[in-house]
Amino acid sequence: MRSFITVSILCGASALRVTPNIDRRTVFRAVAALTGASTLHGLEPAFAEAPDYAGAKKALQAMIAADKDIGPTMVRLAWHSSGTYDKMSKTGGSGGGTIRFKEELAHGGNAGLDKLVAKLEPVHKSFPTVSYADLYTLAGATALEAAGVPVPWKAGRVDAMTPAAVTPDGRLPAASKGNDPQKTAKALRMDVFYRMGFNDKEIVALSGAHALGRCHPDASGYSGPWTPTPYTLNNGYFNLLLSVPWTIKEWNGPMQFEDPSGKLMMLPSDLALVQDKNFRPFVQMYAKDNAMFVKDFTAAYTKLTELGTKNLKAVALA
Ligand code: HEM
């Protein structure tokens, strides 16, 4: 196979030499097709165009400008692409871009993300040397910047080419464990976030992302936004958790909580953060101090999206 790839690459080189006006990308694509590679990154550097991360970021910014609801979903996609990591087996994480495979999109926790993965396909087509894994995490970082919290982002994730690296279903958190807050809190810790290598403070900081976006009945089955400002990331989620008299919503859907206006919601897993004696002090700390929340969120989120990756490097994005 190695010699076949080498021959193919040499053919590509000859094609470029004898037909100098040929579109380089056409040749790269032909080489990729010949070698069976589904994307171009990973080919000899001399043949792969340098990934245009800044261009990809501009395309993502245009998507957010055209549809601001897509930003929070990009953050969810980036987190779900990363949140499969298991520190013991060193499997999962954002490294392989495996969330694009139907096997992983079919996991219960990923309900609804297939739509965004499909919408990002044209961006990947325009920037084929940006891996899917980088594209999804770049989408999250671009959306967070648009929401007022720029986070550092590094490139260099290499896509898995087959679904073999998809981890088993069940690694992402459940919004409730049988309506028992203690069981829900325990599952968040033991089954999900400790498995990835996070502590209680980081779990609470990361959960502050629910200041953004909403639940969709046709995705998770839950409904509504957590905060009245779903396009801005700040500590509003923590203040609402502590100050609102949340009651169980009476409706024909899964158990969730609502504020007195019926416009805002919380999941059982959100309320578990104020019901659990070890999580609650961090909720109180972030409710009082937005700068502390932004600092701790940025650090924990960056750690999250770098799980299961290696050799990432800072790149120019402007
Ligand atoms: C702590 C455990 C968590 C649970 C149980 C949970 C659960 C959920 C659920 C059920 C939804 C609604 C999905 C939909 O219907 O479209 C959602 C949305 C969302 N989640 Fe989480 N999540 C958790 C942690 C996180 C973390 C750590 C982040 C990011 C760092 C995050 C970011 C988001 C965002 C931004 C949305 C809104 C998506 C949109 O508007 O389309 N979540 N989450």
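These figures come from a predicted structure and were not determined experimentally.

**Thoughts on the environment of Ala318**
Right, so step 1: Inspection of the secondary structure assignment puts Ala318 in the segment after strand E7 (313-314).
Right, so step 2: Along the chain, Ala318 and Lys57 lie 261 residues apart, while their C-alpha atoms are 8.5 Å from each other.

**Some points on the coordination of the iron atom of the ligand**
Right, so step 1: Counting protein donors around the iron atom of the ligand gives one, His210 (NE2), at 2.1 Å.
Right, so step 2: Checked against the element boundaries, His210 lands in the loop between helix H9 (200-207) and strand E2 (214-215).

**Details of the packing of aromatic side chains**
The geometry of two aromatic rings is summed up by the distance between their centres and the angle between their planes.
Right, so step 1: One pass over the structure, following the stated rule, counts 10 aromatic pairs.
Right, so step 2: Between Tyr132 and Tyr136, the aromatic rings sit 6.1 Å apart at their centres with planes inclined by 45°, giving tilted as the arrangement. Note that Tyr132 and Tyr136 are positioned in helix H7 (residues 132-146) at a spacing of 4 residues, about one turn of the helix.
Right, so step 3: The class for Tyr132 is buried, based on a relative accessible area of 10%.
Right, so step 4: A relative accessible area of 1% places Tyr136 in the buried class.
Right, so step 5: Seen from their ring centres, Phe293 and Phe297 are 5.7 Å apart, and the 45° between their planes marks the pair as tilted. You can see Phe293 and its partner Phe297 sitting in helix H13 (residues 290-305), 4 residues apart, about one turn around the helix. The exposure classification of Phe293 matches that of Phe297, with both residues buried.
Right, so step 6: Taken together, the ring pairs in this structure connect Tyr237, Phe238, Tyr286, Phe293, Phe297 and Tyr301 into an aromatic cluster.
Right, so step 7: Lying across the ring of Phe279, Arg189 places its NZ or CZ 4.0 Å from the centre.
Right, so step 8: Above the ring of Trp251, the side-chain terminus of Lys249 is found at 5.2 Å from the ring centroid.

**Re helix H11 (residues 268-275)**
In an α-helix, one turn spans 3.6 residues, which is why side chains three or four residues apart end up on the same side.
Right, so step 1: Within H11, 7 of the 8 residues are buried, leaving the element largely enclosed by the surrounding structure.
Right, so step 2: Of all the positions in H11, only Pro268, Ser269, Asp270, Leu271, Ala272, Leu273 and Val274 are classed as buried.
Right, so step 3: As for H11, its buried residues are in contact with helix H8 (181-196), H9, helix H10 (236-243), strand E5 (257-258), strand E6 (265-266) and helix H12 (280-288).

**Some points on helix H3 (residues 53-66)**
Right, so step 1: Taking 1.5 Å per residue, 14 residues should reach 20 Å; H3 reaches 20 Å between its end C-alpha atoms and fits that length.
Right, so step 2: Those residues of H3 not exposed but buried are Tyr53, Ala54, Gly55, Ala56, Lys57, Leu60, Met63 and Ile64.

**Examining the confidence of the model for the chain**
Right, so step 1: On average, residues of the chain score 90 in pLDDT, and 85% of them are at 70 or above.
Right, so step 2: Throughout residues 1-23 the model reports pLDDT below 50, and contacts reaching past four residues in sequence, or to other chains, amount to 20 contacts.
Right, so step 3: Within the model, the stretch residues 42-46 combines pLDDT values under 50 with 3 contacts to residues more than four positions away or in other chains.

**Description of the sheet that holds E6**
Backbone-to-backbone hydrogen bonds join strands into a sheet, with any given pair of strands oriented parallel or antiparallel.
Right, so step 1: The 3 strands lie next to each other as E4-E5-E6, forming an open sheet whose pairing is antiparallel. Single-partner strands in this sheet number two, and they are strand E4 (247-248) and E6.
Right, so step 2: For E4 and E5, the ladder comprises 2 bridges, and the chain directions are antiparallel. Within the sheet, the bridge partner assigned to Thr247 lies in E5 and is Glu258.

**Some words on the packing of H8 against H11**
Helices that pack against each other are described as a pair by the angle of their axes relative to one another and the distance between those axes.
Right, so step 1: Two elements in contact, H8 and H11, have axes whose closest approach is 9 Å; the angle formed by their N-to-C orientations is 95°. Comparing their axes, H11 and H8 come out roughly perpendicular. Touching Pro181, Gln182, Thr184, Ala185 and Leu188 of H8 are Pro268, Ser269, Ala272, Leu273 and Gln275, all from H11.

**Some points on the pattern of salt bridges**
Two side chains that carry opposite charge are able to pair once their charged atoms sit near each other.
Right, so step 1: For the structure on display, the rule yields 10 salt bridges.
Right, so step 2: Here Lys115 makes a salt bridge to Asp218, at a shortest N to O gap of 3.3 Å. With Lys115 in helix H6 (residues 113-126) and Asp218 in the loop between E2 and strand E3 (224-225), the pair connects residues that are 103 residues apart, well separated along the chain.
Right, so step 3: The residue Asp276 makes a salt bridge to Arg189 at a minimum N-O spacing of 2.7 Å. Taken together, the residues Asp276 in the loop between H11 and H12 and Arg189 in helix H8 connect sequence positions 87 residues apart.
Right, so step 4: Shared partners join several salt bridges into a network, and the residues in it are Arg189, Asp200 and Asp276.

**Details of the packing of H3 against H7**
Right, so step 1: Orientation of H3 relative to H7, taken along the N-to-C sense of each, is 55°, at an axis distance of 9 Å. In terms of axis orientation, H3 runs oblique to H7. Considering how the two elements wind past one another, H3 and H7 form a crossing that is right-handed. Contacts from Tyr53, Ala56, Lys57, Leu60, Gln61 and Ile64 of H3 reach H7 at Asp134, Leu135, Leu138, Ala139, Thr142, Ala143, Glu145 and Ala146.

What counts, and at which threshold
- Residues numbered from 1 in each chain as written.
- Predicted model: local features only at pLDDT ≥ 70, side-chain atom pairs only at ≥ 80, totals over all residues.
- Heavy atoms only, no water.
- Helix = DSSP H or I, 4+ residues; strand = E, 2+ residues; numbered from the N terminus.
- Donors = N, O, S within 2.8 Å, 3.2 Å for Na, K, Ca; no water.
- Phe/Tyr/Trp six-rings, centres within 6.5 Å; stacked < 30°, edge-to-face > 60°.
- Buried < 20%, exposed > 50% of the residue type's maximum accessible area, 1.4 Å probe, protein only.
- Lys NZ or Arg CZ within 6 Å of the ring centre and 35° of its normal.
- Contact = heavy atoms within 4.5 Å.
- Expected span 1.5 Å × (residues − 1).
- pLDDT = per-residue confidence, 0-100.
- Pairing = 2+ DSSP bridges.
- Axes fitted to C-alpha atoms, helices over the stretch in contact; angles between N-to-C directions.
- Parallel < 35°, antiparallel > 145°, perpendicular 65-115°, else oblique.
- Salt bridge = Lys/Arg side-chain N within 4 Å of Asp/Glu carboxyl O.
- Left-handed = near helix turned anticlockwise from the far one by under 90°.

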